[in-house]
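# Overview (structure and organization)
If you want the building blocks of each chain, they are given just below.
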Amino acid sequence: MELQVETDLIVMGIWGLIFFIFIVKLFQSIRLVPTKSAYIVERLGKYHSTLDAGFHALIPFVDKVSYIHDLKEETIDVPPQECFSSDEVKVEVDGVIYISVVDPVKASYGVTDYRYAAIQLAQTTTRSVIGTLELDRTFEERDVISAKVVEVLDQAGATWGIRVHRYEIKNIQPPETVKNAMEMQVNAERERRALLAKSEGDKQAKINRSEGIKAETINRSEGEMQKRINEAEGKAEEILAIARATAESIEKLAGVIAAPGGQNALRLQLGEQYLSQLKGLGQQGSRVVVPANMVNFDQWMDAMGLKETR
């Protein structure tokens, strides 16, 4: 009797365990797939379907989610590696890859680990591209290196079910000796540019000063020339004014002489002036000798044609 009870308990335990496993598997067969995710389902070890975002129910003990892929763009660091440039200089290069899964089936079965494969291919491609460039050009041709790596990864990505969006080189580290030499070269180039800029500045300053002196000299000469022209024009105007006044006075004098009694009036005025001049000679306190005919006023007037009229 006791043996029968123990047997029943064992059977009930086994059936309870089976029921518990069935319940667990039943709950595991219910899948809620998040947005931008893909689940790869295998049925009896063979690919069956790809589950997109949403609610899905699988067959317990038959269906199995073997791979889970995140379809969002992800960043993968490429570890530093040593590369040799074409001029036999060793540099250390690292980078970063931006990829996303576009075909979950190929990403699951086309390659064992697409992340590891992408890193290895990026490193080998980087080494091959840098090997064709000189050290100085490796710093300038980063875009060329990145474009080449993206091209090669895209070709492989078609088989791996991934898409490479871009590849960026983070650092290119040359040896310390080469780095020091490059810094010295940069400093020398900076000093050369500074000296060149200073010489150009001195040259321009001298040119500006000479042009200023030239302009000042021209302005002074033009001012002096204009001054002389103005003075000459002023003297000419003065001479013309004197000539016009003299001509007018002569015309008036001729008119007075031609008028009745004009000669007597002119004779009288000249006589007064003559006498005043003689008087002045006598007041100078010195002896003055004059020709005899100088005191003969009538003779002087007759010689000028100013005869006295009655």
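Just above, that's the structure.
Now for a look at the structure at hand. Small disclaimer: the values here were computed from a predicted structure and weren't measured.

Looking at where H69 falls in the secondary structure, it is placed in strand β5 (residues 63-70). Here P104 takes part through its backbone oxygen, which lies 3.5 Å from a polar atom of the side chain of H69. Those residues in contact with H69 that lie beyond four places of it in its chain are K36, S37, A38, I40, P104, A107, S108 and Y114.

This part takes up the packing of aromatic side chains. Working definition: an aromatic ring pair is given by the centre-to-centre distance plus the angle between the planes. Applying the stated criterion across every chain, the model contains 2 aromatic pairs. Centroid distance Y67 to Y109: 5.5 Å. Interplanar angle 80°. Geometry classified as edge-to-face. Here the residue Y67 occupies a position in strand β5, and Y109 occupies one in helix α2 (residues 104-109), the gap between them amounting to 42 residues. For Y67, a relative accessible area of 32% translates into the label partly exposed.

Moving on, we get to the sheet that holds strand β2 (residues 37-43). Pairing within the open sheet is antiparallel, and its 3 strands lie in the order β3-β2-β5. At either margin of the open sheet sits one strand with a lone partner, and together these are β3 (46-51) and β5. Each strand of the sheet is rotated relative to its neighbour by a mean of 25°, with strand direction disregarded. Pairing between β2 and β3: 5 bridges, direction antiparallel. Counted as the bridge partner of Y39 is L51 from β3.

A few words now on unusual backbone geometry. The residue L44 is not glycine, and still its phi comes out positive at about 60°. Of note, L44 is situated in the loop between β2 and β3. The residue E88 is not glycine, and still its phi comes out positive at about 60°. Relative to the helices and strands, E88 is located in the loop between β6 (74-84) and β7 (90-101).

How each quantity is defined
- Residues numbered from 1 in each chain as written.
- Predicted model: local features only at pLDDT ≥ 70, side-chain atom pairs only at ≥ 80, totals over all residues.
- Heavy atoms only, no water.
- Helix = DSSP H or I, 4+ residues; strand = E, 2+ residues; numbered from the N terminus.
- Polar contact = N/O pair within 3.5 Å; in protein donor to acceptor, adjacent residues only side chain to side chain.
- Contact = heavy atoms within 4.5 Å.
- Phe/Tyr/Trp six-rings, centres within 6.5 Å; stacked < 30°, edge-to-face > 60°.
- Buried < 20%, exposed > 50% of the residue type's maximum accessible area, 1.4 Å probe, protein only.
- Pairing = 2+ DSSP bridges.
- Axes fitted to C-alpha atoms, helices over the stretch in contact; angles between N-to-C directions.

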